[in-house]
Amino acid sequence: MKKAVYIIVLSATLLGGCATIVGDKTQVVPISSTPSDATILITDEKGVQVFKGLTPTSVTLQKSDGSYWGKKSFTVEITKAGYEKQVIPITASANGWYIGGNIIFGGLIGWFIVDPLNGAMYTLSPEQITSTLSEKVAHNNTATDGSISIVLLQDVPPSLRSKMKKLN
């Protein structure tokens, strides 16, 4: 019995990091918005575009850039005509399997070699994005003398169009 326990402990120590065993190098991030059909643009920490599409969708993102301790970060821009743009950061941080699992199973090899190289030790946060876009308010009148400004109908948010008054 002692021999079996010794073999299990030795195997766990030599086989790699715990986050690598239970984790993955990528993470799926669901993205939705109200209203839907908003444009999503995702760039990484180097400014490289990694995804462009419409809500709702799910995007698979890399958690590491492949370098030692090379965790990724992303910027998600959600835009739609007539609505304010939202910018949401996604960051990577060490997950519980990396921290606790390597204490129990992975040892120093998992902690300092295997897991930092492959990215499975990270969790991207937020794990999902649900965005509510605010309507833009059409306003270009900066005059203080009582004059009026003219805007195109397409620049007036739909919710304000019913309050408009026709001038002859």
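Residues numbered from 1 in each chain as written. Predicted model: local features only at pLDDT ≥ 70, side-chain atom pairs only at ≥ 80, totals over all residues. Heavy atoms only, no water.

Here we come to the confidence of the model for the protein. On average, residues of the protein score 77 in pLDDT, and 63% of them reach the 70 mark or higher. This model gives residues 12–21 a pLDDT under 50, and the stretch forms 29 contacts once residues within four places in sequence are excluded. (pLDDT = per-residue confidence, 0-100. Contact = heavy atoms within 4.5 Å.)

Another point: the sheet that holds strand S7 (residues 122–125). Backbone hydrogen bonds are what pair the strands of a sheet, in a parallel or an antiparallel way. The strand order across the open sheet formed by five strands is S3-S2-S5-S6-S7, and the pairing between neighbours is antiparallel. Here the strands that pair on one side only, and so sit at the sheet edges, are strand S3 (49–54) and S7. In this sheet, neighbouring strand axes are inclined to one another by 15 degrees on average, regardless of whether the strands run parallel or antiparallel. Pairing of strand S6 (residues 86–94) with S7, which is carried by four bridges, proceeds in the antiparallel orientation. Note that in S7 the partner of Ala92 across the bridge is Leu124. (Pairing = 2+ DSSP bridges. Helix = DSSP H or I, 4+ residues; strand = E, 2+ residues; numbered from the N terminus. Axes fitted to C-alpha atoms, helices over the stretch in contact; angles between N-to-C directions.)

It is worth spelling out the pairing of strand S5 (residues 73–79) at this point. The alternating pattern of S5 places Phe74, Val76 and Ile78 on a buried face and Ser73, Thr75, Glu77 and Thr79 on a face that is not buried. Inspection of the sheet shows strand S2 (residues 39–44) paired to S5 by six bridges, in the antiparallel sense. Looking at S5, one finds that Thr39 is bridged to Thr79. Relative to S6, S5 runs antiparallel, the two sharing six bridges. Bridge pairing links Ile78 to Gln86 in S6. Turn length for the S5-S6 hairpin, with the two strands adjacent in sequence and antiparallel, is six residues, and the turn residue Gly82 shows positive phi of about 90 degrees. (Buried < 20%, exposed > 50% of the residue type's maximum accessible area, 1.4 Å probe, protein only.)

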